[in-house]
Amino acid sequence: MSFNIAVAGKGGTGKTTLCSLIIRQLVKAGKKPVFAVDADANVNLNEALGLEVEGSIADLLVRINNNLDPLPAGMTKDQFVEFKVHQSLSEGDNVDLLVMGGPEGAGCYCYANNLLRGFVADLSKNYPYMVMDNEAGLEHLSRRTTQNVDVLFITSDCSARGIRSAGRVRELVENLKLDIKKMYLVVSRVNEATFDALKPEIEKTGLELIGTIPMDEQVMEYDLLSKPLINLPDESPVVAAVNDILTKAAII
Ligand SMILES: Nc1ncnc2c1ncn2[C@@H]1O[C@H](COP(=O)(O)OP(=O)(O)OP(=O)(O)O)[C@@H](O)[C@H]1O
Ligand SMILES: [Mg+2]
């Protein structure tokens, strides 16, 4: 069974940046291949990883539910869905990416969703680590499209509102009784000068702050030039910060 890491948080709080650098460090530590899942409807993990999107699960579900893809002779519907899921994987040297896509639109996808849950779980067994980029609503986790999570990192930017939103993610996890073994807070784009003022707000969330990621010009530059973040150099302070977080969480 794979070790499952998920990242969730309000929009723009550094989820994709953290995911791609977690993947970078897992690969560097030889913990590969990594199974990356982009479960954010606002798909962008592929760019951070330097991979092309082959197709999304949401599109696949729409096509199957509307019978847009004829079932090949001799294949059951289950086998066909499985085949299509494999086809939509973007394969890299050390990372394979599955894009959930969405929103899924109207209609009931229970049949496909149930199948999918099984396939994602099966697929993840081929990898020692799975890393999932979520949205704050934890849609995929709450629908249990994905299996149990060993570590959930909840991201916040350096604002009181961001921290409170991270606290609400924690409440959601507890209310939904999601199967998440460990939960940590990561504050991103930190400005040392103002960070202390956030500490009372952080305490109120009841979350353990496992680390902070500094504001970094090179990350902004990579974003501007559409360079994959996974290619940031070892000397990057942001890479070092993510490495510390993974070490502290006993993941690497
Ligand atoms: N440590 C950092 N230093 C500077 N800029 C950063 C840092 N982390 C993230 N950013 C920038 O902040 C923006 C949001 O980051 P990112 O895409 O990782 O957040 P997100 O939570 O995945 O956003 P979304 O909700 O839109 O998917 C990006 O433009 C990114 O380049
Ligand atoms: Mg993102």
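No experiment lies behind these values; they were computed from the predicted model shown.

Here is what the cut-offs are and how they apply
Residues numbered from 1 in each chain as written. Chains lettered and ligands numbered in written order. Predicted model: local features only at pLDDT ≥ 70, side-chain atom pairs only at ≥ 80, totals over all residues. Heavy atoms only, no water. Salt bridge = Lys/Arg side-chain N within 4 Å of Asp/Glu carboxyl O. Helix = DSSP H or I, 4+ residues; strand = E, 2+ residues; numbered from the N terminus. Buried < 20%, exposed > 50% of the residue type's maximum accessible area, 1.4 Å probe, protein only. Polar contact = N/O pair within 3.5 Å; in protein donor to acceptor, adjacent residues only side chain to side chain. Contact = heavy atoms within 4.5 Å. Core = buried A, V, L, I, M, F, W, Y, C linked by side-chain atoms within 4.5 Å. Pairing = 2+ DSSP bridges. Expected span 1.5 Å × (residues − 1). Near = heavy atom within 4 Å. Areas by Shrake-Rupley, 256 points an atom, 1.4 Å probe, with all protein chains shown as cover. Axes fitted to C-alpha atoms, helices over the stretch in contact; angles between N-to-C directions.

A. View of the pattern of salt bridges. Per the stated rule, a full pass over the model turns up eleven salt bridges. A salt bridge links Asp 150 to Lys 181, with the shortest nitrogen-to-oxygen separation between them at 3.5 Å. Linking Asp 150 in strand β6 (residues 149-156) with Lys 181 in strand β7 (residues 180-190), this pair joins segments that are 31 residues apart in sequence. Judged by relative accessible area, which is 15%, Asp 150 ranks as buried. Residue classification places Lys 181 among the exposed residues on the basis of a relative accessible area of 54%. Here Asp 196 makes a salt bridge to Lys 199, at a shortest N to O gap of 3.0 Å. For Asp 196, a relative accessible area of 52% gives the class exposed. Shared partners join several salt bridges into a network, and the residues in it are Arg 24, Lys 28 and Asp 234.

B. Representation of the side chain of Asp 150 within the structure. At 2.8 Å, the side chain of Asp 150 forms a polar contact with the backbone nitrogen of Asn 4. Excluding anything up to four places from it in sequence, Asp 150 contacts Ser 2, Phe 3, Asn 4, Lys 181 and Lys 182.

C. Highlighting the nonpolar core. Counting 39 residues, the largest nonpolar core has Ile 22, Ile 23, Leu 49, Phe 153 and Ile 251 as its most contacted members. Beyond its immediate chain neighbours, meaning those up to four positions away, Leu 49 contacts Ser 20, Ile 23, Ala 36, Val 95, Leu 97, Pro 228 and Ile 230. Listed in part, the 38 residues of the second largest apolar core include Leu 61, Leu 152, Val 173 and Leu 198.

D. Main features of the pairing of strand β4 (residues 95-99). Taken across its five residues, β4 has five buried, putting it largely inside the fold. Neither face of β4 is open: one carries Val 95, Leu 97 and Val 99, the other Asp 96 and Leu 98, and all of them are buried. Bridge count for strand β2 (residues 34-38) against β4 is five bridges, and the pairing is parallel. Bridge assignment links Val 37 to a residue of β4, and that residue is Leu 98.

E. The arrangement of helix α7 (residues 160-175) in detail. With 16 residues, α7 ought to run about 22 Å at 1.5 Å a step, and its terminal C-alpha atoms sit 23 Å apart, in line with that. Where α7 is buried, its residues contact β6, β7 and α9 (199-205). Phi turns positive, to about 50°, at Lys 177, one or two residues after α7.

F. Expanded view of unusual backbone geometry. Going from Lys 32 to Pro 33, the amide bond is cis rather than trans, its omega being 0°. Along the chain, Pro 33 falls in the loop between α1 (15-28) and β2. At Asn 67, a residue that is not glycine, the phi angle is positive and equals roughly 50°. Structurally, Asn 67 can be placed in the loop between α3 (57-65) and α4 (77-87). Its identity as a non-glycine residue notwithstanding, Lys 177 has a phi of 50°, on the positive side. As for its placement among the helices and strands, Lys 177 is situated in the loop between α7 and β7. For Lys 177, a relative accessible area of 68% puts it in the exposed group.

G. The site of ligand 1, seen in detail. Taken together, 21 residues lie around ligand 1, and Gly 12, Lys 15, Thr 16, Thr 17 and Pro 214 are the ones closest in. Contact distances for ligand 1 include 2.8 Å between an oxygen atom and a side-chain N or O atom of Lys 15. At 2.8 Å from an oxygen atom of ligand 1 is found a side-chain nitrogen or oxygen belonging to Thr 16. Isolated, ligand 1 exposes 630 Å² of accessible area, and the fraction of that covered by the protein chains is 83%.

H. Spotlight on the sheet that holds strand β1 (residues 3-9). The eight strands lie next to each other as β3-β4-β2-β5-β1-β6-β7-β8, forming an open sheet whose pairing is mixed. If you trace the sheet from one side to the other, it starts and ends with β3 (90-91) and β8 (208-214), each paired once. Here β1 runs beside strand β5 (residues 129-133); their pairing, made up of five bridges, is parallel. Opposite Asn 4, over in β5, you have Met 130 as the bridge partner. In the packing of helix α11 (residues 237-248) onto the sheet, the strands contacted are β6, β7 and β8, and the crossing angle to β8 comes to about 165°.

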